[in-house]
Structure formats: C-alpha cells, structure tokens
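Okay, here's what each chain looks like letter by letter:
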Amino acid sequence: MIADDTNDEDVSLFDAEEDAGKRSKKTNIKHPVASFFHLFFRVTAILVYLLCEFLSRSFIAGMVTIILLLSCDFWTVKNITGRLMVGLRWWNQVDDDGRSHWVFESRKGTGKQQGSDSESRIFWLGLIVCPVLWVIFAFSTLFSFKIKWVPVVIMGVVLQGANLYGYVRCKVGAKTSLKNMATNYFGRQFLKQALSKEEES
C-alpha cells in the first residue's frame, strides 16, 4: 500500500493541550449537529449492546440494530464529522493498475473553517473512548462465553478502530511512525513535568 500524505507540518494529536497558547480560546461549538451525530450513533450502539437483552428477547433485532448504528457511525465520522470538526479526512483509492492507495489529508492554516477547541475535544474523546469500550466488550464476551455476540463486538472494534486509525494517521501524517509519535508525546510530557517541578523548587 502506498500512502499519500498531504500534511507537511508536524501537528500534535491533542490540539486542545498544545495549541491553547498559540491561538485564542474558541469554546463555542460551530457545528452542533455534526457534534451531536458524532456521538449519537456511537453511544447509542453501545447502549443498545448493553441493554439489548433487557429490552428485547430477539437476538437478531438487537444484532441488526447495533450493526446499523455502527455502520451509520462509521460513515458519519469518516465523511462528515472529521472534516467539519477537526479538518481531517481519509479514504482509499484504487488506481488503474488495481493498486490501493490510502490518502490522508488535513486542513492547513487557520481561518473560518477551523474548528473550535470544544469540537476537537468532543471529536477525539469520542473517537478514542468508544473503540476502547468495544475492545473491553470483546474480552468480556469471550470470557463470559457469549459466543453469539462475538461477531457484533468484532464489528464494533473493526469499524470504530478503522476510523481511529485513519484519523490518527491524518493527524500525525501518513509517513510518521505511530511509535515515534507516542514516544515524542510522552517525552514532551515528561519534560514539562520536570520543568514545572524545577520551577516550584
């Protein structure tokens, strides 16, 4: 797979932390409908999964509802909320030779289209927390021997994990190693803590 990267600048994964000093605080939500639907399908799929056996005796109805919600979430996050809330998008493109190309883009510069800090927090928290919950559900399903729920939980992990992976690649750049990004992030955090302790002394 060849990765096309249109992101030439080094950016942090968590904008709200590091860009707070660089730009004025923008706490209003510019895209409330996108923010709502970014979380709606994700949270609803998790709630239906947790409450399915209490609300309905039909496994098929619960499974179909959860998979439809996960599919709507995947499409909404990939095509709409990522572009509006944080200015990122990704897709797969097949060329004439049949080779697959992954394209990762991020919006450059600041301007009217720049999302607010609140939207960025909502986007990244929803994008990170929900796949972690689906991984926890996968282990609990396996350990509790509820084998019939394994395909549903795997769909949750795959669909939400794919969006998480795609947007992290957009944010850090397609050519940047995720391991290097994590090492740099934790190194900066350690340095900040060390400097703050020295200033207190």
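Residues numbered from 1 in each chain as written. Predicted model: local features only at pLDDT ≥ 70, side-chain atom pairs only at ≥ 80, totals over all residues. Heavy atoms only, no water.

Topic: unusual backbone geometry
So, step 1. The phi torsion at Phe145 lies on the positive side, around 60°, for a residue other than glycine.
So, step 2. Here Phe145 is to be found in the loop between α4 (117-143) and α5 (150-172).
So, step 3. What makes Phe145 exposed here is its relative accessible area of 68%. (Helix = DSSP H or I, 4+ residues; strand = E, 2+ residues; numbered from the N terminus. Buried < 20%, exposed > 50% of the residue type's maximum accessible area, 1.4 Å probe, protein only.)

What about the pattern of salt bridges?
So, step 1. Enumeration according to the criterion identifies 3 salt bridges in this entry.
So, step 2. For Glu105, the salt bridge is made with Arg89, and the minimal N-O distance between the two is 2.7 Å. In this pair, Glu105 sits in strand β3 (residues 100-106) while Arg89 sits in strand β2 (residues 88-94), placing the two residues 16 residues apart along the sequence.
So, step 3. Assessed through its relative accessible area of 37%, Arg89 is described here as partly exposed. (Salt bridge = Lys/Arg side-chain N within 4 Å of Asp/Glu carboxyl O.)

Concerning the packing of helix α2 (residues 32-55) against α4
A packed helix pair is summarised by two numbers, namely the angle formed by the two axes and the spacing between the axes.
So, step 1. Across the interface, α2 lies against α4 with an axial gap of 10 Å and an inter-helix angle of 15°. By the angle class used here, α2 and α4 are roughly parallel. Crossing handedness for the pair α2 and α4: left-handed. Between α2, through Ser35, His38, Leu39, Arg42, Ala45, Ile46, Tyr49 and Leu50, and α4, the contact on the second element is made entirely by Glu119, Ile122, Phe123, Gly126, Leu127, Cys130, Pro131, Leu133, Trp134, Phe137 and Thr141.
So, step 2. Here the residues of the contact of α2 with α4 are counted per class, giving 13 nonpolar, 4 polar and 2 charged. (Axes fitted to C-alpha atoms, helices over the stretch in contact; angles between N-to-C directions. Parallel < 35°, antiparallel > 145°, perpendicular 65-115°, else oblique. Left-handed = near helix turned anticlockwise from the far one by under 90°. Contact = heavy atoms within 4.5 Å. Nonpolar A, V, L, I, M, F, W, Y, C, P; charged D, E, K, R; others polar.)

Overview of the pairing of β3
So, step 1. Counting buried residues in β3 gives 5 out of 7 residues, a clear majority hidden from the surface.
So, step 2. Note that β2 and β3 share 7 bridges and pair antiparallel. Across the sheet, the residue bridging to Leu88 is Ser106, located in β3.
So, step 3. Once β2 ends, the chain turns through 5 residues before running back antiparallel as β3, passing Gly98 with a positive phi of about 90°. (Pairing = 2+ DSSP bridges.)

Quick word on a nonpolar patch on the surface
So, step 1. Among the surface-exposed residues, Leu39, Val43, Leu47, Leu50, Leu51, Phe54 and Leu55 lie close enough to one another that they form a single nonpolar patch of about 700 Å² accessible area.
So, step 2. Its place among the elements puts Leu51 in helix α2.
So, step 3. The class of Leu51 is partly exposed, set by a relative accessible area of 38%. (Patch = residues over 30% accessible without salt bridge, like charges linked within 9 Å, V, L, I, M, F, W, Y side chains within 5 Å. Areas by Shrake-Rupley, 256 points an atom, 1.4 Å probe, with all protein chains shown as cover.)

Here we look at the packing of aromatic side chains
So, step 1. Within the structure shown, the criterion is met by 15 aromatic pairs.
So, step 2. Measuring from ring centre to ring centre gives 5.3 Å for Phe123 and Trp124, while their planes differ by 90°; the resulting arrangement is edge-to-face. The exposure classification of Phe123 matches that of Trp124, with both residues buried.
So, step 3. Ring centres of Phe139 and Phe143 lie 6.3 Å apart, and the angle between their planes is 20°; on these two criteria the pair is classed as stacked. Residue Phe139 and its partner Phe143 are both found in helix α4; the two are separated by 4 residues, about one turn of the helix.
So, step 4. Taking relative accessible area as the criterion, Phe143 reaches 66% and is therefore assigned exposed.
So, step 5. An aromatic cluster of three or more residues is present, and its members are Tyr49, Phe59, Trp134, Phe137 and Trp149. (Phe/Tyr/Trp six-rings, centres within 6.5 Å; stacked < 30°, edge-to-face > 60°.)

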